[in-house]
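# Examining the three-dimensional arrangement
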Amino acid sequence: MSAMPPRHCFTVPQYEKMIDNGILNENDRVELIRGEIVAKMAIGDAHLGCVNRMNRLLVRSVWDRGVISVQNPVVLADSEPEPDIAVLVPRADDYASAKPRAADVLLLIEVADSSLDYDRQVKAPLYAENSITEYWIVNLEHKCLEVHRQPRPDGTYADVRTLRVGDTADIAALPGLSIGVAEIL
């Protein structure tokens, strides 16, 4: 019987120290997920276009009710993911003094083409466990929007629904704001 070598997990402060000391930089395309440094998937044209479109739509719709953060880190208990888009609670310094935490998040969005399974099986439980109240997966493969709400401590969401072209999506934390799924896709 062969033994597996132990894995070394990093804390968020250790990970941030590697960034501060230049061991990791923005060109490394990595994020900290559950203590492990994980390579981020390559961004294809459809993914890039969708993120840009969502950014434009959200900036126009949200205005000063939130901060739109594109592919920037959010600090969680044992992770520092970089979701495609985060809608954050407004702060006077626009988060220049500290990265956003789970309590600052109104909505996290991942755009999924080749990353669909990862976004469902790894990111969704991570976000639910950290009390991210709303998480969207823009599913480019099946041309739909998966909306996850009401996080549970067990890493699931109590309310999961799939919206399609013709439906509209609202952000629970921003009443009155809705976006057509067709506009997103």
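A brief structural summary. These figures come from a predicted structure and were not determined experimentally.

All right, on to helix H3 (residues 116–129) then. Along its 14 residues, H3 runs 19 Å from first to last C-alpha, staying within 8% of the 20 Å computed at 1.5 Å per residue. Structurally, H3 contributes buried residues whose contacts are with strand E1 (30–33), strand E5 (105–112), strand E6 (134–139), strand E7 (144–151) and strand E8 (157–164). Following H3 by one or two positions, Ser131 has its phi on the positive side, about 65 degrees.

By the definition in use, this model includes 11 salt bridges. Glu110 is the salt-bridge partner of Lys123, the closest N and O atoms lying 2.9 Å from each other. One end of the pair, Lys123, is in helix H3; the other, Glu110, is in strand E5, with 13 residues separating them in the sequence. In this pair, the class of Lys123 matches that of Glu110, namely buried.

What follows deals with helix H1 (residues 12–20). An α-helical segment advances 3.6 residues per turn. Residues three or four places apart therefore align on the same side. Listed as buried for H1 are Val12, Tyr15 and Met18. Down the axis of H1, the smallest arc covering the buried residues is 120 degrees, so these residues share one side. Away from its buried face, by an angle of more than 90 degrees, H1 presents the exposed residues Pro13, Lys17 and Asp20. Where the residues of H1 are buried, they touch E1 and strand E2 (36–39). Looking at the residues trailing H1, positive phi occurs at Gly22, about 80 degrees.

In a beta sheet, neighbouring strands pair by backbone hydrogen bonds and run either parallel or antiparallel. If you walk across this open sheet you meet the 6 strands as E3-E4-E5-E6-E7-E8, and the pairing is mixed. Only two strands of the sheet have a single neighbouring strand rather than two, namely strand E3 (67–70) and E8. Taken pair by pair, the neighbouring strands of this sheet meet at an average axis angle of 15 degrees, ignoring direction. Across 6 bridges, E6 lies against E7 in antiparallel orientation. Bridged to Ile137 within E7 is Glu146. On the sheet, helix H2 (residues 45–62) packs against E3, strand E4 (85–88), E5 and E6 and is oriented at approximately 170 degrees with respect to E3.

In this section: the nonpolar core. The tendency in soluble globular proteins is for nonpolar side chains to be buried as a group. Ranked by internal contacts, the top residues of the largest apolar core, which has 26 residues, are Met54, Leu58, Ile109, Trp136, Val138, Leu145 and Ile184. Within the residue set of this core, elements represented by two or more residues are H2, E4, E5, E6, E7 and helix H4 (181–184). Sort the elements by how many residues they give to this core and H2 lands first, with 6 residues. When near neighbours in sequence (up to four residues on either side) are disregarded, Ile184 contacts Cys50, Arg53, Met54, Leu57, Trp136, Val138, Leu145 and Ile179. Within the second largest apolar cluster, 20 residues are counted, among which are Leu76, Leu108, Ala124 and Tyr135.

What follows deals with the side chain of Lys123. Judged by relative accessible area, which is 3%, Lys123 ranks as buried. There is a polar contact of 2.9 Å between the side chain of Lys123 and the side chain of Glu110. Among all residues touching Lys123, those that are not within four sequence positions of it are Glu31, Ile33, Pro81, Glu110, Tyr118 and Tyr135.

Definitions and cut-offs
Residues numbered from 1 in each chain as written. Predicted model: local features only at pLDDT ≥ 70, side-chain atom pairs only at ≥ 80, totals over all residues. Heavy atoms only, no water. Helix = DSSP H or I, 4+ residues; strand = E, 2+ residues; numbered from the N terminus. Expected span 1.5 Å × (residues − 1). Contact = heavy atoms within 4.5 Å. Salt bridge = Lys/Arg side-chain N within 4 Å of Asp/Glu carboxyl O. Buried < 20%, exposed > 50% of the residue type's maximum accessible area, 1.4 Å probe, protein only. Arc of directions from axis to C-beta. Pairing = 2+ DSSP bridges. Axes fitted to C-alpha atoms, helices over the stretch in contact; angles between N-to-C directions. Core = buried A, V, L, I, M, F, W, Y, C linked by side-chain atoms within 4.5 Å. Polar contact = N/O pair within 3.5 Å; in protein donor to acceptor, adjacent residues only side chain to side chain.

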